[in-house]
Amino acid sequence: MSGSKFISKIGELFGIAPENDESKKKAVKELVKKLKLRRISLKEELQAETDIVKREALKDSIKIIKKQIKKGKDILED
Amino acid sequence: MKRLFLIIMIALLSYAFLQSKNILSVSAGVAISLFGMLSLEEGFRFFAGGLLDKFLKKLTSRIYKSIIFGAVTTTLMQSSGLVAVIAISFISAGLIGLAQGIGIVLGGNIGTTTGAWLIAGFGLKISIATYAMPMLVFGILFIFQSSKKLKGFGYILAGLGFSFLGIAYMKEGFEAFKETIDLTQYAVGGFKGLLLFTMIGAIATIVMQSSHASLVLILTALAASQITYENAIALTIGANIGTTITAVIGSLGASLDGKKLAGAHFLINTLTGLVSIGLVPQFIDLIDLTAPLLGIRENDYALKLALYHTYFNFLCVALFAPLVQQMVTLLNHIFVAKKLEESERDDVLFISDLALDFEDTAQIVLLKETKHLYANVFDIITRGLSIHKEDITSGMDIEDIIKIRNHALHVDMDEFYEKRIKDIYGKIINFAILAQGKFSDTANKKLIPIKNANIRIVEAFKASKHMQKNMLYYIESENEFIKAEYNHIRRNLIKQLRNMQLIFNTTEEDIAVLLLSKLKLDAQKYDIAANKSLDNLIRTNKITYAMATSLMNDTTYAYTISSELAEVANTLFIHEDSDLKEGREALILNETEVDDMTNNLNKRSIA
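Residue positions within a chain follow its written sequence, with the count starting from 1. Here chains are named by letter from A upward and ligands by number from 1 upward, in the order in which they appear as written. Selection of residues for local features in this predicted model requires a pLDDT of at least 70, selection of side-chain atom pairs for listing and counting requires 80 or more, and totals for whole chains, interfaces and linings are taken over all residues.

Draft legend 1. Main features of the overall build of chain A. Here a strand is any run of E in DSSP of at least two residues, a helix any run of H or I of at least four, and the numbering for each starts at the N terminus. A tally of helices and strands in chain A yields three helices and zero strands. Along the chain direction, N to C, the helices and strands of chain A fall in the order α-α-α. Here exposure depends only on C-beta density: within 10 Å of a residue's C-beta, 20 or more other C-beta atoms make it buried, 12 or fewer make it exposed, and intermediate numbers make it partly exposed, the C-beta atoms being placed from the backbone. For chain A, with 78 residues in total, the buried portion stands at 14%. Two residues qualify as being in contact provided that their C-beta atoms, derived from the backbone, are within 7 Å of each other. For chain A, the share of sequence-separated contacts (at least 6 apart) that also reach a separation of at least 24 residues comes to 50%.

Rendered as structure tokens:
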């Protein structure tokens with residue numbers, strides 16, 4: 001752990017430094033990665049699904065994930 | 001009873017003060033010292049909110065770490081009581097386990113020994129009042145500052161000042177006593193004396209609610225030769241037992257785990273006390289043997305007592321640290337959570353005044369109690385839909401649930417509200433308001449949404465209650481169209497409730513984030529679809545006007561349940577303690593984004 005990182009950790013622990021954006025971006029990055037994998041598995045599920053109602057629900061989920069991934073990418077690019 | 005005791009105490013003390021100015025001096029010393037302790041605790045509370053709880057969470061992962069944590073914090077704060085309160089409050093909030101809590105209590109016992117050394121080695125040997133005066137002046141000066149940290153520092157300084165001043169008064173009183181009366185003439189020797197003075201020590205500590213104050217009193221009396229060394233040892237054992245009674249009384253309002261910890265504290269100190277009573281002669285020999293090695297003079301009984309106090313508490317740790325897990329098992333057997341009967345009134349599980357001491361604890365307790373309220377409301381909403389809560393978690397196909405549960409399930413919603421919701425809801429709101437008034441704006445930003453989630457939960461219940469009457473009537477209706485519509489409402493709500501359960505139970509963050517957005521989208525989609533269907537039914541005269549009115553109202557109630565619970569899930573999920581908290585909040589779709597999606601889907605379906 002570098003010196004500055006150590007100081008910021010101690011600062012966070014003592015509540016005198018705000019939690020930095022980096023930790024938020026790291027969390028978003030991880031979540032986006034998981035969502036991408038989830039989208040792939042949902043698409044596979046959609047291909048195999050024959051029930052119309054369930055297909056609709058899967059399509060909705062894929063659309064939501066697409067929007068969430070886009071949101072995540074916007075945050076990461078900021 | 002309490003009031004009678006107070007009146008007797010006042011009468012006795014008043015009589016004693018009239019008889020002897022020295023008793024007044026000693027009592028004033030005790031009172032000032034106790035006030036100092038209160039001030040010291042108040043000061044540490046200013047820092048504890050943001051600091052101590054963070055340390056507590058990180059540094060108590062293992063028993064030995066908990067013991068070190070307890071010892072260090074008690075040494076710094078000179079109050080095992082405050083450390084025990086913190087531990088009870090964190091256990092109640094589920095932040096640490098019972099084993100860690102016991103570790104902290106054991107460490108706290110070691111921490112208290114430093115106080116005895118400070119008083120015996122420093123407080124009784126110099127003119128301590130000289131140091132007290134500037135501390136009091138600067139302390140009060142800092143208390144009047146607006147900065148919370150300076151204010152806290154002021155309380156600590158003033159607390160130390162008052163404690164020192166109290167010791168000075170006690171010392172003065174006992175010194176003066178020496179010239180007029182020799183209290184050692186009341187000394188009782190032998191085993192009988194040990195038992196008697198142990199009892200006196202315990203009672204004095206229960207009355208003063210501070211083992212530290214008792215110890216100061218014992219040490220000053222011993223230094224002034226007003227009590228014998230053996231009797232002082234017995235009083236010290238008593239003080240260690242008495243302090244646990246204070247914790248037991250304090251834990252009456254705590255959660256079950258808080259009670260377990262207080263029980264552990266009582267068991268540890270009482271059993272060590274009993275062992276120590278039997279070993280007093282051996283301890284005296286050990287002290288005589290080891291005191292010269294530490295440079296303690298033969299007739300310095302105050303320091304020898306400090307050494308005894310140290311041995312006592314180390315014995316306590318040596319006896320019980322290896323038995324922590326067994327103790328947890330024993331306490332889990334003694335304190336068993338009562339299973340709530342259907343007809344019984346439910347009450348809060350986590351909320352207690354103790355949880356109001358620290359920001360983090362208050363937030364977590366509020367969150368847990370909100371989940372408790374949600375669980376009750378979840379139960380009644382499912383019954384309102386004429387299904388069982390187990391159907392939701394069963395994994396059974398929704399169509400199958402509708403088929404199986406095709407009869408109305410009669411349940412008294414008002415009675416359920418009285419027994420399972422009203423009290424809990426009231427206490428949660430009261431707790432949240434008290435916490436809001438006590439903590440910083442940053443803490444309030446977390447507390448307010450959780451409080452509002454409770455309001456939403458109850459709104460969902462009310463909507464469910466309004467919907468129930470027609471639901472009971474129409475799911476057994478002979479008009480297939482209205483029956484189908486009500487089953488559609490049931491189907492949709494079962495799906496929503498199922499998704500909520502998944503959100504609370506899943507460990508996959510991405511699933512939860514996806515489902516939270518889906519809850520909102522489904523609520524919107526359902527509302528649009530239900531209104532269209534209603535229009536069709538009215539236009540084609542398939543349902544009567546009365547049915548249409550009921551359906552219109554109940555569609556709105558179903559939407560209220562759905563949307564309110566979606567918001568509740570959102571809030572509870574976001575405020576759950578997690579490293580990914582920031583990320584999960586950012587990726588959940590907001591109202592506008594959900595509206596955009598529903599509009600797009602709607603346009604597509606029209607086209």
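Draft legend 2. Seen up close, the environment of Ile75 of chain A. Structurally, Ile75 of chain A is set in helix H3 (residues 52-77). By C-beta crowding, Ile75 of chain A is classed as partly exposed, having 19 other C-beta atoms within 10 Å. Placed 50 residues apart in sequence, Ile75 of chain A and Lys25 of chain A show a C-alpha to C-alpha distance of 7.3 Å. Once residues lying within four places of it in the same chain are set aside, the contact partners of Ile75 of chain A are Lys25 and Val28 of chain A together with Ala586 of chain B.

Draft legend 3. Up close: the nonpolar core. Residues and elements named next belong to chain B. A set of buried residues drawn from Ala, Val, Leu, Ile, Met, Phe, Trp, Tyr and Cys, joined through C-beta atoms within 7 Å, is what defines a nonpolar core. Within the largest apolar cluster, 172 residues are counted, with the highest numbers of intra-cluster contacts made by Ala87, Leu219, Leu222, Leu305, Leu366 and Ala569. Ranked by residue count, the leading element in this core is helix H7 (residues 148-180), at 13 residues. Residue ranges assigned to the domains are those given by an automatic or database domain assignment. A domain split of this core shows at least three residues from each of domain 1 (21-334) and domain 2 (353-602). Sequence-distant contacts of Ala569, that is, excluding residues within four places in its chain, are made with Met500, Ile503, Leu516 and Leu519.

Draft legend 4. Region of the structure containing helix H15 (residues 359-384) of chain B. Residues and elements named next belong to chain B. One fewer than the residue count of a helix, multiplied by 1.5 Å, yields its expected span. The end-to-end C-alpha distance of H15 is 37 Å, a good match for the 38 Å that 26 residues give at a rise of 1.5 Å each. Within H15, 20 of the 26 residues are buried, leaving the element largely enclosed by the surrounding structure. Phi for Ser386, located one or two positions after H15, is positive at around 60°.

Draft legend 5. Broad picture of the environment of Ile296 of chain B. Residues and elements named next belong to chain B. Within the fold, Ile296 resides in the loop between helix H12 (280-290) and helix H13 (301-320). Residues Ile296 and Leu307 lie eleven residues apart in sequence; the distance between their C-alpha atoms is 9.5 Å. If near-sequence neighbours (up to four positions away) are discounted, Ile296 is found in contact with Ala291, Leu303, Lys304 and Leu307.

Draft legend 6. Just the confidence of the model for chain A, in detail. Scored between 0 and 100, pLDDT is the confidence that the predictor attaches to each residue. Mean pLDDT over chain A stands at 79; residues scoring 70 or higher make up 73%. Within chain A, no element has a lower average pLDDT than helix H1 (residues 3-13) of chain A, which sits at 56, and none a higher one than H3 of chain A, at 88.

Draft legend 7. Layout of the confidence of the model for chain B. All names here are of chain B. Mean pLDDT over chain B stands at 84; residues scoring 70 or higher make up 91%. Within chain B, the element-level pLDDT minimum falls on helix H24 (residues 591-606), averaging 68, and the maximum on helix H18 (residues 413-438), averaging 92. If you check the scores for this complex, the pTM reads 0.68 and the ipTM reads 0.77.

Draft legend 8. Structural detail: the packing of helix H11 (residues 256-278) of chain B against H13 of chain B. All names here are of chain B. Each axis is a line fitted through C-alpha atoms, taken for helices only over the stretch in contact, and angles between the N-to-C directions span 0 to 180 degrees. It is the contact of H11 with H13, at a shortest axis distance of 10 Å, that shows an interaxial angle of 115°. Looking at the two axes, H11 sits roughly perpendicular to H13. Handedness of the H11/H13 crossing: right-handed. Side by side, H11 and H13 meet where Ile268, Asn269, Thr272 and Ser276 of the first sit next to Phe312, Leu315, Cys316, Leu319 and Phe320 of the second. Working definition: roughly parallel below 35 degrees, roughly antiparallel above 145 degrees, roughly perpendicular at 65 to 115 degrees, and oblique for all remaining angles. Left-handed is the label given to a crossing in which the near helix is rotated counterclockwise from the far helix by less than a right angle, and right-handed is the label when the rotation is clockwise.

Draft legend 9. Quick look at the packing of helix H5 (residues 98-123) of chain B against helix H14 (residues 324-334) of chain B. Residues and elements named next belong to chain B. Put simply, H5 and H14 touch, their axes get as near as 9 Å, and they point 120° apart. Classed by the angle they form, the pair H5 and H14 counts as oblique. As for the relative orientation of H5 and H14, their crossing is right-handed in sense. Taking contact as the criterion, the partners of Leu98, Ala99, Ile102 and Gly103 in H5 are, on H14, Val324, Gln325, Met327, Val328 and Leu331. Split by residue class, the contact of H5 with H14 holds seven nonpolar, two polar and no charged. Only Asp, Glu, Lys and Arg are considered charged, only Ala, Val, Leu, Ile, Met, Phe, Trp, Tyr, Cys and Pro nonpolar, and every remaining residue, Gly among them, polar.

Draft legend 10. Inspection of H3 of chain A at higher detail. Given a rise of 1.5 Å per residue, 26 residues ought to cover 38 Å, and the 38 Å separating the end C-alpha atoms of H3 of chain A matches this to within 8%. Considered for burial, the residues of H3 of chain A that qualify are Ser61, Ile64, Ile65, Gln68 and Gly72 of chain A.

Draft legend 11. Local environment of unusual backbone geometry. All names here are of chain B. In the Ramachandran plot, Ser225 falls in the positive-phi region, its phi being about 55° despite a non-glycine side chain. Positionally, Ser225 belongs in the loop between helix H9 (211-223) and helix H10 (229-250). In this model, Asn541 sits at a positive phi of 55°, which is unusual for a non-glycine residue. For Asn541, the position within the fold is in the loop between helix H21 (509-539) and helix H22 (545-574).

Draft legend 12. View of the environment of Lys29 of chain A. Residue and element names in this part refer to chain A. Position of Lys29 relative to the elements: it lies in helix H2 (residues 21-48). Note on Lys29: 15 C-beta atoms within 10 Å, which makes it partly exposed. Note: C-alpha distance between Lys29 and Ile75 (46 residues apart in sequence) is 9.1 Å.

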